[in-house]
Amino acid sequence: DRTMPLARPTGQIPDAAWTSGFREMTEPWKGAVGCLGVAVFFAMTIGIISWQALEQSPEEWVLRGRTGGMLWERRRGALLLRVLPAGRTVAVIAVGGVPATEPPPPRDHCWHDGGQFCYTWEEDAELRLSLEPPPTPATECYGVRWTPLRPDVMLKDCFSMANVSWYGGASIRAQRWPLNSAESHAQPFVSGDFSKNPVGYGPVLERYFLGSTGVTVTVAPDVPLFLSLESNRHFCLETPAGRAAVPLRYLLCVQTPTLPRLSPSHRSPIWQYYGPAGSAAKIKRGLKSLAKKLKRHHLREGVLALGERCTAILAAAVRPDHVPSERRKRHDSTHGWDPSLIKPLQLSITLSPYTSIASPLFLRSLRDSEVASYWLSLQPRFGGCSVPLLTTWKGRLCARLNVTSKAALSWYLARARHLRQALGATYMVFEGAEGNAFLEQAVPPPAELAGDQYTGVLAAALATLGNATVISAGARSSHLPLFVQMSPLRSDWSHAGLKGVIPSVLHYSLLGYNFFIPDAVGGSLDSDTPGDQELYVRWLQIVTFLPVMAFSTPPWLCCDAWVLNLTRQCIQRHRDFVVPLLIKYSEEWLRLGYPIFRPAWWLSPTDPTAFTIEDEFLIGDEVLVAPITEKGQTWRDIYLPGEGHLWMDTNTAHVFDGGTILRNYSASLAEVPVFVK
């Protein structure tokens, strides 16, 4: 018979008995207990997530200033610049090169300093935001500094174009206004020559971007910068990954700083010499012939411009000591160049910092072991002689002036002054200032020539020649009294031709280069439709209102007689109407830093329509120019900026309200719509 078990003692149960009993007792309940634990875990997780969603904002202030601050947006992993008290976001910056979705902590590494915020993405990069001293009392600025923690980290900050129009930065082949519709792959932010690299950046650029929300972005000059433009999405600032961990540094401000500037001077119009160039004697006869033709067509004033090749030929004629002895006799007859032969016209000559490797100048420097002193050279790592850094210039293998050498710069400037005096030239044009010869050949440049420092150093040296000097590029040199020669454009109606003129004007002026020489009327580069009289006229109507009028093809060679008469009228209008305006607003530019040529949004800063207008421009605040840029059209829509202002058509004397659009406004081929406020 089975007997009932004895009653359990009331004392402590032995461990072995307890473990065994529990194992036996829980065996049937394992599944239930496990499910209950999982349920509790999920319930707690969902509760925490719900609390975070309800209690924590997707945006977190990381640095506050007096009138705004910087926020971190968790969803996109982006920095936001916001102004107060309206709480308006003026810039959205998507970060790259770090785990963007990882949010900074509520308490940063620089918590002890209220003017900074620091955060480190482990093994990737460090971010440091700081309040910076403002250039004016009404401005607030924030410094952004990314430091990579590994050499292979490529830093990349992308500025959104959503609801923001961006201006400034680099010139491109088919210039756009604003930059939103431009496209460019990531490439070094260095001035370049479109004839060498059509998809690269052009001769004038600044590390400065302006958004329609009032924010400005200024990148530090010593940062090795790459820029990319993705149409209607964003533009990105990048630093290259490499052996050295290079920081990305830029300044965000809510108001544009101004700089003191000087004003250059130039006589207009410019007539580019197009005659024979085989010898100094032929050039001399050609200049006299062109001067007589201009006089015969009642176009006596202006400047005759010689290109680099013609200048070199005349230079050899007036400086026979640079010509081999057996050839000196042939040059004696042209030694006495007399500038009075073309009066009242003045002469412009063209130089460049390049010399052919076959020139006596370069060969002499080789013979005297002075290559490194006068020309850019590659320095050997382990002793030995320097090797000249050769590059191509106008189809020839050349060496380039070493602007880091005081001896080379002094020699070059002295040579330019002597040549100007010998030829009786009033103006000097310096081509080839753009580009970085080291980067073009994938050679790391020396620190003193990184980025666009070559252009800046050369521009500063050329400014000592006086305010009748023209340079082909600009980089951190807008404060210098120099004219900047715009890039050649195609002889067509595209953005690489006529449609690119006004966007280029606005781009140059916004960056501080108000004194520029536009490409010649009709364009300088060949197209599929040469000799387009309508294109010539519409181009002429635009350059009438720019600082200088330039011609490569005289009107009597390309067009009907009425176009020649129109050219005379435009030159007269430029002298009597435009030049006084330029003088007036150049004084304002010197005093306040305002551009002379202004976009429509200058008078309508809150109207989104004004931000994308690229075929009109203002001279100061009082003249609006709205030319025709479409082939075959004799009408256009015209936006009149400035609500509350009145605008009068100078052709009809009709008056219209500002802040309105004139639909299908008539403008015959002989007319250009111009309004005065």
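Coordinates for the structure precede this section.
Model, not experiment: these values are computed from the prediction.

Visitor: I keep staring at the overall build of the protein and nothing clicks. Help me out?
Guide: Looking only at helices and strands, the protein has 14 helices and 36 strands in total. Going through the 677 residues of the protein one by one, you find that 49% of them count as buried. Across the protein, every contact between residues at least 6 apart in sequence was considered, and the portion connecting residues at least 24 apart equals 64%. About 31,800 Å² of surface is accessible on the protein, with carbon and sulfur atoms providing 57% of the total.

Visitor: Honestly, the sheet that holds strand 31 (residues 623-625) in this entry has me stumped. Any pointers?
Guide: Pairing is antiparallel across the open sheet formed by 6 strands, whose spatial order is 29-30-31-36-33-34. In this open sheet, the two edge strands, each paired with only one partner strand, are strand 29 (597-598) and strand 34 (655-657). Across 2 bridges, strand 29 lies against strand 30 (residues 617-619) in antiparallel orientation. Residue pairing for strand 30: Arg598 is matched across the bridge by Leu618.

Visitor: I keep staring at the environment of Leu341 and nothing clicks. Help me out?
Guide: You can see Leu341 is positioned in the loop between helix 5 (328-332) and strand 18 (346-351). Assessed through its relative accessible area of 32%, Leu341 is described here as partly exposed. Through-space distance from the C-alpha of Leu341 to that of Arg285 is 9.8 Å; in sequence the pair is 56 residues apart.

Visitor: I would appreciate a short explanation of empty space enclosed by the protein in the present structure.
Guide: Counted according to the given criterion, the structure contains 5 cavities of 30 Å³ or more. Each pocket or cavity is described by its volume, and for the largest cavity that value is around 110 Å³. As for the largest cavity, its lining consists of 13 residues, and the residues nearest its centre are Ile172, Phe194, Ser487, Leu489 and Ser504. Split into classes, the residues belonging to the lining of the largest cavity amount to 7 nonpolar, 5 polar and 1 charged. A volume near 90 Å³ is recorded for the second largest cavity. If you trace the second largest cavity, you find 14 residues lining it, with Ser478, Leu480, Leu482, Val484 and Tyr513 closest to the centre. Within the lining of the second largest cavity, the residues separate by chemical class into 10 nonpolar, 4 polar and no charged.

Visitor: Any chance you could explain the pattern of salt bridges here in plain terms?
Guide: Oppositely charged side chains can form a pair if their charged atoms are brought close together. Going through the model one piece at a time under the given rule, you end up with 20 salt bridges. With a closest N to O distance of 3.9 Å, Asp576 and Arg575 form a salt bridge. Between Asp621 and Arg598 there is a salt bridge, and its shortest N-O distance comes to 2.7 Å. Of this pair, Asp621 sits in the loop between strand 30 and strand 31 while Arg598 is found in strand 29, placing the two residues 23 residues apart along the sequence. The structure contains a network of salt bridges with shared partners spanning Asp124, Arg150 and Asp152.

Conventions we followed
- By convention here, each chain's residues receive numbers from 1 onward along its written sequence.
- Confidence filtering applies because this is a predicted model: local features only for residues at pLDDT of at least 70, side-chain atom pairs given and counted only at 80 or more, and all residues used for totals across whole chains, interfaces and linings.
- The side-chain quantities take in all heavy atoms of the structure and omit both hydrogens and water.
- By definition, any uninterrupted DSSP run of H or I lasting at least four residues is a helix, any uninterrupted run of E lasting at least two residues is a strand, and each is numbered from the N terminus.
- The cut-offs for exposure are 20% and 50% of the maximum accessible area for each residue type, with area from a 1.4 Å probe on protein chains only; residues under the lower value are buried, those over the upper are exposed, and the others partly exposed.
- In this analysis, two residues are considered to be in contact whenever any of their non-hydrogen atoms come within 4.5 Å of each other.
- Under the convention used here, a 1.4 Å probe and the Shrake-Rupley method define accessible areas, while residue burial counts only the protein chains that appear.
- Two strands pair if DSSP finds at least two bridges between them.
- The method works on a 1 Å grid over the protein atoms by themselves. A cavity is a set of points holding a 1.4 Å probe that cannot get out, a pocket is an open set with protein on both sides within 12 Å along at least five of seven lines, and residues with an atom within 4 Å of a point line them.
- Grid points are joined across faces, edges and corners, and a volume is the space filled by probe spheres set on the points.
- Residue classes follow a fixed rule: Ala, Val, Leu, Ile, Met, Phe, Trp, Tyr, Cys and Pro count as nonpolar, while Asp, Glu, Lys and Arg count as charged, and any other residue, Gly among them, counts as polar.
- Whenever Lys or Arg places a side-chain nitrogen within 4 Å of a carboxyl oxygen from Asp or Glu, that contact is recorded as a salt bridge.

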